[in-house]
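# Results of the structural survey
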Amino acid sequence: MAAVLRIPTVLRPAMGGESVIAVEGSTVGEVLLKLTKTYPAIKSQLLNDDGTLHRFLNVYVNDDDVRYLGGVEASVTNNDEITLLPAVAGGVW
Amino acid sequence: MLTLSSTQRDAILATCIRALPNEGCGLLLGTSDGVVREIAASRNVADSAKVYEIDPRVLLRAYRRADEEDLEVLGVFHSHTHSEPYPSPTDVRQAPDPSWHYVIVSLRDTPADLCSYRVVDEVVSAEPVLFLD
């Protein structure tokens, strides 16, 4: 099934400069895994070695944060809009 | 250069003061020439005086708002409650977007100090901030 993936500016240079692409997969994990095969440079920003979501990556399917939908197991259906949002954080550590 | 209205500057300072004793934070929406059009204040979801993290829901709404209004998410502001307005090593490591403006408000002294930086390949450069009445 094809869903729409919105890519944040910070990831675009490593993903061909595109802001929106069509993606295939029935779960968020499948979609992200396919992305990392096409764009290996972004793998460390999306997924941990065990296949879970990176701590500093927020993923939304439509209006819902996938951390509350089962993480990488969250379902993706046709015409869903997936948004990748790297966390914006910092501090005086 | 970053351009802020005095109203936007006051909104940033108010957000940071309200967040005390924690760090305050929010996003800057505007045009690619560095002119800020809107401030999106955020809760600090890190709930900390030493660390900040923008609420992801604020981030999502800001990107959607930017798309609707033909704006860009230009950058982020946050406060340092007891230190100078200069990016910490953590700020630099977690500032991966070379196109963003990173605004830091120091609440250490009165009046508060607001500065803006660009961070490219972990190299920090201060930039001028123009305040419009």
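Presented here is a report on the structure given in the accompanying data block. For clarity, every value in this text was computed on a predicted model and none was experimentally measured.

Before going further, it helps to spend a moment on helix α1 (residues 6–19) of chain B. Helical geometry: 3.6 residues make up each α-helical turn, so side chains three or four residues apart lie on a common side. Helix length check: α1 of chain B, at 14 residues, gives a terminal C-alpha distance of 20 Å against a target of 20 Å (1.5 Å per residue), a fit within 8%. Along α1 of chain B, the residues classified as buried are Ser6, Gln8, Ile12, Leu13, Thr15 and Cys16 of chain B.

Opposite the 20 residues of chain A that make contact, chain B presents 24 residues. A buried area of about 2000 Å², summed over both sides, lies between chain A and chain B, and 55% of it is on carbon and sulfur atoms. Glu81 of chain A is the salt-bridge partner of Arg64 of chain B, the closest N and O atoms lying 3.9 Å from each other. Our count for the contact surface shared by chain A and chain B stands at ten residue pairs in polar contact (both at pLDDT 80 or more). Put simply, the parts of the chain that give the side of chain A that touches chain B at least two residues each are β3 (57–61), β5 (81–86) and β6 (89–91) of chain A. At four residues, β5 of chain A tops the list of elements feeding residues into the side of chain A that touches chain B. Taken together, the residues of the side of chain A that touches chain B sort by class into ten nonpolar, six polar and four charged. Note: β6 of chain A against strand β4 (residues 51–53) of chain B, three bridges, orientation antiparallel. The partner of Ala89 of chain A across the bridge, within β4 of chain B, is Glu53 of chain B.

Attention now goes to unusual backbone geometry. Residues and elements named next belong to chain B. Cis geometry is adopted by the peptide bond preceding Pro21, which originates at Leu20 and carries an omega value of 5°. Relative to the helices and strands, Pro21 resides in the loop between α1 and β2 (25–30). The omega torsion across Thr110 and Pro111 is 0°, close enough to zero to call that bond cis. As for its position among the elements, Pro111 is in the loop between β6 (101–106) and β7 (113–120).

Cut-offs used in this document
- Residues numbered from 1 in each chain as written.
- Chains lettered and ligands numbered in written order.
- Predicted model: local features only at pLDDT ≥ 70, side-chain atom pairs only at ≥ 80, totals over all residues.
- Heavy atoms only, no water.
- Helix = DSSP H or I, 4+ residues; strand = E, 2+ residues; numbered from the N terminus.
- Expected span 1.5 Å × (residues − 1).
- Buried < 20%, exposed > 50% of the residue type's maximum accessible area, 1.4 Å probe, protein only.
- Contact = heavy atoms within 4.5 Å.
- Buried area = accessible area lost by both parts, 1.4 Å probe.
- Salt bridge = Lys/Arg side-chain N within 4 Å of Asp/Glu carboxyl O.
- Polar contact = N/O pair within 3.5 Å; in protein donor to acceptor, adjacent residues only side chain to side chain.
- Nonpolar A, V, L, I, M, F, W, Y, C, P; charged D, E, K, R; others polar.
- Pairing = 2+ DSSP bridges.

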